[in-house]
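Observations on chain architecture
Each chain, written out:
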Amino acid sequence: MASKINTKIASGLTAFSSISACGVILIAALVWIGYVFAIPELKSLINGATAMNPATALCFLLAGVSVLSLHSANARVRQVGLVFACVVGSVGIIKFFSYLWGLPVYFDRVLFASQLDVVVLGYRNEIAPNTALNFFFAGLGLWPLHRQKSEHLAQVLSAVTV
């Protein structure tokens, strides 16, 4: 009986993570469509809000695909997911330390640069420091899941990200 319940809970959580990852991918894709076709409403998804940086959207897309790859039996797909998790974590830590140390690291201004030249309230559209730190923890949290090691570490890092 307990085994049936655990299996049911596990399959429910797997479905939840897949649906959540698909939602993240969908939002990131809508933001990218907004930049490609210059549709301001899709860049921010909330009327009047600051547009999401395209590098942020790309990191969300990679993180979503990384989560989906966890459910694949194909080792190559899981390896791609691990690489995506490492990219997300690396982007996050590099951008966070650029803020911390005042270094001019602007890789997040390269994609759709002409649309990012607009200065709003004295700030350029960049990956925010809190977003950068969360990308680092998200990438770090996905790493042990892809390596099939310490799920407890992944849970702690996920909780920090939330």
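Structure first, text after, so check above.
Figured I'd write up the structure that's included with this text.

Reading the values: rules and limits
- Residues numbered from 1 in each chain as written.
- Predicted model: local features only at pLDDT ≥ 70, side-chain atom pairs only at ≥ 80, totals over all residues.
- Heavy atoms only, no water.
- Helix = DSSP H or I, 4+ residues; strand = E, 2+ residues; numbered from the N terminus.
- Buried < 20%, exposed > 50% of the residue type's maximum accessible area, 1.4 Å probe, protein only.
- Contact = heavy atoms within 4.5 Å.
- Salt bridge = Lys/Arg side-chain N within 4 Å of Asp/Glu carboxyl O.
- Phe/Tyr/Trp six-rings, centres within 6.5 Å; stacked < 30°, edge-to-face > 60°.
- Lys NZ or Arg CZ within 6 Å of the ring centre and 35° of its normal.
- Expected span 1.5 Å × (residues − 1).
- Polar contact = N/O pair within 3.5 Å; in protein donor to acceptor, adjacent residues only side chain to side chain.
- Core = buried A, V, L, I, M, F, W, Y, C linked by side-chain atoms within 4.5 Å.

1. Structural notes on the overall build of the chain
Across its full length, the chain carries seven helices and zero strands. Taken from N to C terminus, the helices and strands of the chain fall in the order α-α-α-α-α-α-α. Residues counted as buried form 28% of the 162 residues belonging to the chain. When contacts within the chain are restricted to residue pairs at least 6 apart in sequence, those whose partners lie at least 24 apart make up 60%.

2. Observations regarding the side chain of threonine 56
Summarising the element assignment, threonine 56 is placed in helix 3 (residues 54-69). In this structure, threonine 56 is in contact with Ile127, Thr131 and Phe135, ignoring residues within four places of it in sequence.

3. Observations concerning the pattern of salt bridges
For the structure on display, the rule yields three salt bridges. Between lysine 95 and aspartate 108 there is a salt bridge; the shortest N-O distance is 3.2 Å. Remark: aspartate 108 occurs in the loop between helix 4 (75-101) and helix 5 (113-116) and lysine 95 occurs in helix 4; sequence separation between them is 13 residues. Comparing lysine 95 with aspartate 108, the two get one shared label, buried. Among the ionic pairs, glutamate 126 bridges to lysine 95, the shortest N-O distance being 2.7 Å. Here glutamate 126, found in the loop between helix 5 and helix 6 (129-146), pairs with lysine 95, found in helix 4; they are 31 residues apart in sequence, far enough to count as distant. Note on lysine 95: relative accessible area 1%, which makes it buried.

4. Description of the packing of aromatic side chains
By the definition in use, this model includes six aromatic pairs. Members of the aromatic cluster, connected to one another through ring pairs, are Trp32, Tyr35 and Phe112. When the ring centre of tyrosine 99 is taken as origin, the NZ or CZ atom of lysine 95, which lies over that ring, is 5.2 Å away.

5. Looking at helix 3
Its 16 residues give helix 3 an end-to-end C-alpha distance of 22 Å, which sits within 8% of 22 Å, the value for a rise of 1.5 Å per residue. Looking at helix 3, one finds that the buried residues are Pro54, Ala55, Thr56, Ala57, Cys59, Leu62, Ala63, Gly64, Ser66 and Ser69. Between the side-chain oxygen at the start of helix 3 and the backbone nitrogen of alanine 55 there is a gap of 2.7 Å, and the oxygen is on asparagine 53.

6. Focus on the environment of glutamine 148
Mapped onto the elements, glutamine 148 comes out in the loop between helix 6 and helix 7 (151-161). On the basis of relative accessibility, which here comes to 58%, the residue glutamine 148 falls in the exposed class. When the C-alpha positions of glutamine 148 and leucine 70 are compared, they lie 9.6 Å apart, and in sequence the two are 78 residues distant.

7. Here's the deal with the nonpolar core
Among the nonpolar cores identified, the biggest contains nine residues, and these are Ala55, Cys59, Leu62, Ala63, Val88, Val91, Ile127, Ala132 and Phe135. Of all the secondary-structure elements, those providing two or more residues to this core are helix 3, helix 4 and helix 6. Considering each element in turn, this core owes the most residues, four residues, to helix 3. Judged by nonpolar contacts, the second largest core, of five residues, contains Ala28, Val31, Ala57 and Leu116.

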